[in-house]
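# Observations on the three-dimensional arrangement
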Amino acid sequence: MISDSEKETESILHQSYKNTNHFNIVLLGKTGVGKSTLINGIFDFSENEGAKTGDGKPITQEFEEFTSDKRKGLRFIDSKGIEMGEHNINAVFNSTKELIEKKAREGDPDKLIHCIWYCFKSSNLRFEKVEKETVTLLMNQYDDNNLPIIIVITQNYDDEATETMTKFILDEFSFLNREIKIMPVIAKEKTLIKKKKS
């Protein structure tokens, strides 16, 4: 059953591309998947000015936002303190839902959420139960309502691993019977350490 607040949010989202100066993207994913590196790469931040957890503008207890003069039309809202523990499987979904509805209620088109990127590392060929449940809840709630959910595969240094991960994701979420949007990215060049000959 759809609540009145959800209906209101959906109605506002349909108008979200009008009268806005920023495209607002929520970044979700476990610690260590490369969300900060992704922000730094897209915003072309130097090492000294790079995004770190706690460096953004706090907007709720769970989220902080990052903007840059180098990409003036883009705003990232990063999940900084959301626990992925089995004890609270709905924590990420509920926090994200509250954020989306909060931004809709504020009535500022420039602050509405336009897209969600859920990040996975290319080397992780498994989903924790909480991750799979979270993505499923988000897709069922928002993916058909002008708020696309995109699975971002981070750290794609190996084409074969990326292809394997893409197939794995498609298989994992095939039960949803919908298009699964996947975007592989490389946010930072990999540094190879050469061993000296003895």
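All of the points below concern the structure found in this document. (Residues numbered from 1 in each chain as written. Predicted model: local features only at pLDDT ≥ 70, side-chain atom pairs only at ≥ 80, totals over all residues. Heavy atoms only, no water.)

### Notes on the pattern of salt bridges
Filter applied, for reference: For this analysis, a salt bridge means a side-chain nitrogen from Lys or Arg found within 4 Å of a carboxyl oxygen belonging to Asp or Glu. Each helix is a run of DSSP H or I of at least 4 residues and each strand a run of E of at least 2, with the numbering of both proceeding from the N terminus. Remark: exposure states derive from per-residue accessible area (1.4 Å probe, protein chains only) relative to the maximum for the residue type, with buried under 20%, exposed over 50%, and partly exposed in between.
For the structure on display, the rule yields 8 salt bridges. Notably, a salt bridge pairs Asp 78 with Lys 35, separated by 3.0 Å at the nearest N-O pair. Here Lys 35 lies in helix H2 (residues 35–43) and Asp 78 lies in strand E4 (residues 74–79), a separation of 43 residues in the sequence. A single burial state applies to Asp 78 and to Lys 35, both of which are buried. Between Asp 110 and Arg 75 there is a salt bridge, with its nearest N and O atoms 3.5 Å apart. Separated by 35 residues along the polypeptide, Asp 110 in the loop between helix H3 (91–106) and strand E5 (115–121) and Arg 75 in strand E4 bring together distant segments of the chain. Each member of the pair Asp 110 and Arg 75 is classed as buried. One salt-bridge network, in which partners are shared between bridges, spans Glu 65, Arg 75 and Asp 110.

### Section: the pairing of E4
Put simply, the rule is: In short, DSSP must find at least two bridges between two strands for them to pair.
Among the 6 residues of E4, 6 are classified as buried, and the element is accordingly described as predominantly covered. The pairing of strand E3 (residues 63–66) with E4 spans 4 bridges and is classified as antiparallel. Note that in E4 the partner of Glu 64 across the bridge is Asp 78.

### Here we look at the nonpolar core
For clarity, the cut-off: Grouping buried Ala, Val, Leu, Ile, Met, Phe, Trp, Tyr and Cys residues that are joined through side-chain atoms within 4.5 Å yields what is termed a nonpolar core.
Counting residues in each nonpolar core, the largest one holds 27 residues, and the members touching the most others are Val 26, Leu 28, Ile 116, Leu 138, Ile 151, Ile 169 and Phe 173. Only strand E1 (23–28), H3, E5, helix H4 (129–142), strand E6 (149–154) and helix H5 (159–172) provide two or more residues apiece to this core. Among the nonpolar cores identified, the runner-up in size contains 16 residues, and Leu 27, Val 33, Phe 43 and Val 185 belong to it.

### Quick notes on the packing of H3 against H4
To be explicit about the condition: Lines fitted to the C-alpha atoms define the axes, with helices restricted to the stretch that makes contact. Angles between their N-to-C directions range from 0 to 180 degrees. An angle counts as roughly parallel when it lies under 35 degrees, as roughly antiparallel when it exceeds 145, as roughly perpendicular when it falls between 65 and 115, and as oblique in every other case. Contacts are assigned to residue pairs that have any heavy atoms within 4.5 Å of one another. Ten residue types, Ala, Val, Leu, Ile, Met, Phe, Trp, Tyr, Cys and Pro, are classed as nonpolar, four, Asp, Glu, Lys and Arg, as charged, and the remainder, Gly among them, as polar.
Their axes nearest at 9 Å, the elements H3 and H4 cross at an angle of 30°. With respect to H4, the axis of H3 lies roughly parallel. Residues Val 92, Phe 93, Thr 96, Lys 97 and Ile 100 of H3 touch H4, and the partners they reach there are Thr 134, Leu 137, Leu 138, Gln 141 and Tyr 142. Looking at side-chain class alone, the contact of H3 with H4 contains 6 nonpolar, 3 polar and 1 charged residues.

### A few points about the environment of Glu 179
Considering the arrangement of structural elements, one finds Glu 179 in the loop between H5 and strand E7 (181–184). A relative accessible area of 60% means that Glu 179 is categorised as exposed. Each C-alpha atom, one on Glu 179 and one on Asp 143, is 9.6 Å from the other, the two residues being 36 residues apart in sequence.

### A word on the packing of aromatic side chains
Selection criterion: Note on ring pairs: Phe, Tyr and Trp rings are taken, using the six-membered ring of Trp, and paired if centres are within 6.5 Å. Classes follow the plane angle, with under 30 degrees stacked, over 60 edge-to-face and the rest tilted.
The full count for this structure, using the stated rule, is 4 aromatic pairs. Pairwise contacts between aromatic rings join Phe 43, Phe 76 and Trp 117 into one cluster.

### With respect to the environment of Cys 119
Positionally, Cys 119 belongs in strand E5. On the accessibility criterion, Cys 119 (0% relative accessible area) is buried. Distance from Cys 119 to Thr 31, taken between C-alpha atoms, is 9.9 Å for residues 88 residues apart in sequence. Excluding residues within four positions of it along the chain, Cys 119 makes contact with Leu 27, Leu 28, Gly 29, Val 33, Lys 35, Leu 38, Val 152 and Thr 154.

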